[in-house]
Structures are given as C-alpha cells and as structure tokens.
Amino acid sequence: MKGLAMADPNVLNPHPPEFNRFLHASVGEDRNGYAVTVLSTLARLGLDPWKETAELVMLGHDAAQARLGTLLARFRDVPALASDHGRIARDLSELLPEGRASGSLKRAASTVTGDRPGTSGAIWALLAIVFLLFQMFMVGGSGSGE
C-alpha cells in the first residue's frame, strides 16, 4: 500500500508537546484547595496559554522569568502568589523549553504565535486583486450603453 500516508500524530493536538511540562505545572492551590496549573492561570487571565508560552520561549530565560512574574502577580486566585510570585516564576521558567537551542522549537513557537512568513503579504495581494476586479466591474458596468 504505497499510496497510503500515515496520519500526522499531532492532528488532534496541534500544540507543541514541548510546552506540556510547563503548562501543566502547578502554580499553587486556589482558595478551595484545588491545584491550579500554568495553563489554567493563563486562561483565567484571558490569555491564550499556548501563544503566551510560545512568546515566553522566544523571549529567552531572563525576560521570560520577568514576564511570568508580572503575570503571576496579577493572578489573585492563588493566595500564595501574592507574596511568592517571584520564586514561583523563577521555578516555572526553568520548565520552559530552551528556545535558543532548537530551531524546530522556534518554528513551532512562531507557528503558535501566528508568525507565518509571507502570509500577510499574500493576503494583502489577494485583497488588492479583489479591489481591482471590483473597480473594473463598477467602471465597466456603469457605461452609457452607447
């Protein structure tokens, strides 16, 4: 069966698997005693967890740690974060995959953040063509009929 191709194993989970360790790490317990993960923290802050993680990876370790500390300081559902968000941010930033070491991870991160090279240029070119066709149709269709 030469013509059959294997299905992409990530078709149901298009997010980079390297992010899982970080996103599923606990940031502490909420007021009801439930463990809160980085993924749920980012989601509760109104952020896309995978996009934010991709941006953290692309920032580099120190900048990512600072950004993560700022985000955790804004999160009020976990009481321990009020006084300890700096240490927790430092510990969690250690779980981020190393973005500088892997070109494939950078490509995965840029895909998550929507940085697809050439996409915006192609969209603008298509819109320009549609606009020109519309103009030609309007000018051509409004003749005097002579």
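Just so you know, these numbers come straight off a predicted model, no measurement behind them. (Residues numbered from 1 in each chain as written. Predicted model: local features only at pLDDT ≥ 70, side-chain atom pairs only at ≥ 80, totals over all residues. Heavy atoms only, no water.)

Student: In this structure, what is going on with the pattern of salt bridges? I would like to understand it.
Tutor: Pairs may arise between side chains of opposite charge once their charged atoms sit close together. Under the definition given, this model contains 5 salt bridges. Across the pair E52 and R67 runs a salt bridge, and its minimum N-O distance is 2.9 Å. Placement of the pair is E52 in helix 3 (residues 49–59) and R67 in helix 4 (residues 61–74), with a sequence separation of 15 residues. Counted as one network, the salt bridges with shared partners bring together D84, R87, R90 and D91. (Salt bridge = Lys/Arg side-chain N within 4 Å of Asp/Glu carboxyl O. Helix = DSSP H or I, 4+ residues; strand = E, 2+ residues; numbered from the N terminus.)

Student: Sorry, what's going on with the side chain of T53 here?
Tutor: One can find T53 in helix 3. One polar contact links the side chain of T53 to the main-chain carbonyl oxygen of P49, over a distance of 2.7 Å. When neighbours within four sequence positions are excluded, T53 is seen to be in contact with F19, F22, L23, L42 and L96. (Polar contact = N/O pair within 3.5 Å; in protein donor to acceptor, adjacent residues only side chain to side chain. Contact = heavy atoms within 4.5 Å.)

Student: Quick question: what am I supposed to make of the nonpolar core here?
Tutor: Core analysis: the largest hydrophobic core is formed by 23 residues, its most contacted members being F22, V27, V38, L68, L72, L81 and L92. Mapped by element, the contributors of at least two residues to this core are helix 1 (20–23), helix 2 (38–44), helix 3, helix 4 and helix 5 (81–93). Not counting residues up to four positions away in its chain, the partners in contact with V27 are V36, T37, V38, T41, L72, V78, L81, I88 and L92. (Core = buried A, V, L, I, M, F, W, Y, C linked by side-chain atoms within 4.5 Å. Buried < 20%, exposed > 50% of the residue type's maximum accessible area, 1.4 Å probe, protein only.)

Student: How should the packing of helix 4 against helix 5 be read in this particular structure?
Tutor: The description of two helices packed together rests on the angle between their axes and the distance between the axes. The geometry of helix 4 relative to helix 5 is characterised by a closest axis approach of 8 Å and an angle of 150° between their N-to-C directions. The orientation of helix 4 relative to helix 5 falls into the category roughly antiparallel. In terms of crossing hand, the pair formed by helix 4 and helix 5 is right-handed. On the side of helix 4, the interface is formed by H61, Q65, L68, G69, L72 and A73, while helix 5 contributes L81, H85, I88, A89, R90, L92 and S93. Tallied by class, residues from the contact of helix 4 with helix 5 come to 7 nonpolar, 5 polar and 1 charged. (Axes fitted to C-alpha atoms, helices over the stretch in contact; angles between N-to-C directions. Parallel < 35°, antiparallel > 145°, perpendicular 65-115°, else oblique. Left-handed = near helix turned anticlockwise from the far one by under 90°. Nonpolar A, V, L, I, M, F, W, Y, C, P; charged D, E, K, R; others polar.)

Student: Is there a simple way to explain the environment of L96 in this structure?
Tutor: Mapped onto the secondary structure, L96 falls in the loop between helix 5 and helix 6 (103–113). The class for L96 is buried, based on a relative accessible area of 12%. Expressed as a C-alpha distance, the spacing of L96 and A54, which sit 42 residues apart in the sequence, is 9.4 Å.

Student: I keep staring at helix 5 and nothing clicks. Help me out?
Tutor: Because the α-helix completes a turn every 3.6 residues, residues three or four places apart line up on one side. Over its 13 residues, helix 5 extends only 15 Å from the first C-alpha to the last, a length that falls short of the 18 Å expected when each residue adds 1.5 Å. The sharpest bend along helix 5 reaches about 40° and sits at R87. Listed in full, the buried residues belonging to helix 5 are L81, I88, A89, L92 and S93. The inward-facing, buried residues of helix 5 abut helix 1, strand 1 (26–29), helix 2 and helix 4. (Expected span 1.5 Å × (residues − 1). Bend = angle between axes of the 7 residues up to and from the residue.)

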